[in-house]
Amino acid sequence: MMTPSLLERLTSRRTTLGPALYAAALSLIVLGLTGAVGIALRLPWLFPSLGPTVMLFFESPEQPSSRPVNAVVGHGTGLIMGVVCLYALRLQHTPSAPVGGLTPSHVAAGALSVALTTLVLTWLRTPHPPAGATTLIVSLGILTTPRQLLSMVGAILLITAAGWGLNLLLGTKPASATQKT
């Protein structure tokens, strides 16, 4: 018989405090690590869509949307679609929506980037809702330079590796890749 994971043991105690502490502590560790790397490199390694991703990793690791491959493919797709829409609508040299104000072009880039990200992830059966935030961060002009985009890739890979490494170390396995979405 296999030893139950720490999360399973905490969940079996009929209280939500154990699983809540598990998710909170591991989220703190992973995002703290990512933020520390960002400080050391002086790059934006901590951005809004990482929060929901680590929450998925630690709150509901059994869900298909929290599989490591879904996180990497989801955020990668979101990043690419954000860049495509930013450039297609010629927003790469304009102030970001938060700085210069929301324009019709920003709305079109944002809406289109989320729609395209949703299309690709649904088609590939790799759901990861936080990718919708990643694509908006890029398509609205918030993080757009090659250096910023590469730092986003690094942060996505780091939180995925650290998040699932910690889960596996504590006995929690990701949802099966063959599980129906």
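Residues numbered from 1 in each chain as written. Predicted model: local features only at pLDDT ≥ 70, side-chain atom pairs only at ≥ 80, totals over all residues. Heavy atoms only, no water.

A. Up close: unusual backbone geometry. Even without being glycine, Arg90 reaches a positive phi, approximately 55°. On the secondary structure map, Arg90 appears in the loop between helix H4 (68-88) and helix H5 (97-100). The phi angle at Arg125 is positive, at roughly 60°, despite the residue not being glycine. When you line up the elements, Arg125 lands in the loop between helix H6 (104-124) and helix H7 (131-139). (Helix = DSSP H or I, 4+ residues; strand = E, 2+ residues; numbered from the N terminus.)

B. Seen up close, the layout of surface pockets. Size it by volume and the second largest pocket reaches roughly 160 Å³. In terms of lining, the second largest pocket is formed by twelve residues, of which the most central are Thr118, Leu121, Pro127, His128 and Pro129. No other element matches the five residues that H6 contributes to the lining of the second largest pocket. (1 Å grid on protein atoms, 1.4 Å probe; cavity = no way out; pocket = protein on both sides within 12 Å on 5 of 7 lines; lining within 4 Å. Points joined across faces, edges and corners; volume = space filled by probe spheres on them.)

C. Summary view of the nonpolar core. Membership of the largest hydrophobic core comes to 23 residues, with the highest contact counts inside it found for Val30, Phe47, Leu50, Phe58, Leu79 and Met152. Elements with a contribution of two residues or more to this core: helix H2 (17-41), helix H3 (50-59), H4, H7 and helix H8 (146-169). At seven residues, the largest contribution of residues to this core is made by H8. In this view, Phe58 contacts Leu7, Tyr22, Ala23, Leu26, Ser27, Val30, Gly163 and Asn167; residues no more than four positions away in its chain are not counted. (Core = buried A, V, L, I, M, F, W, Y, C linked by side-chain atoms within 4.5 Å. Buried < 20%, exposed > 50% of the residue type's maximum accessible area, 1.4 Å probe, protein only. Contact = heavy atoms within 4.5 Å.)

D. Looking closely at a nonpolar patch on the surface. Side chains of Val72, Val153 and Leu157 sit close together on the surface and give an oily, nonpolar patch of about 210 Å² of accessible area. Mapped onto the secondary structure, Leu157 falls in helix H8. (Patch = residues over 30% accessible without salt bridge, like charges linked within 9 Å, V, L, I, M, F, W, Y side chains within 5 Å. Areas by Shrake-Rupley, 256 points an atom, 1.4 Å probe, with all protein chains shown as cover. Salt bridge = Lys/Arg side-chain N within 4 Å of Asp/Glu carboxyl O.)

E. Expanded view of H2. In a regular helix each residue adds 1.5 Å, so 25 residues correspond to 36 Å; H2 covers 36 Å between its end C-alpha atoms and thus fits that length. Inspection of H2 places Gly18, Pro19, Tyr22, Ala23, Leu26, Ser27, Val30, Thr34, Gly35 and Gly38 among the buried residues, and these make up the whole buried set. (Expected span 1.5 Å × (residues − 1).)

Honestly, that's just the spatial picture; any functional story needs more than this.
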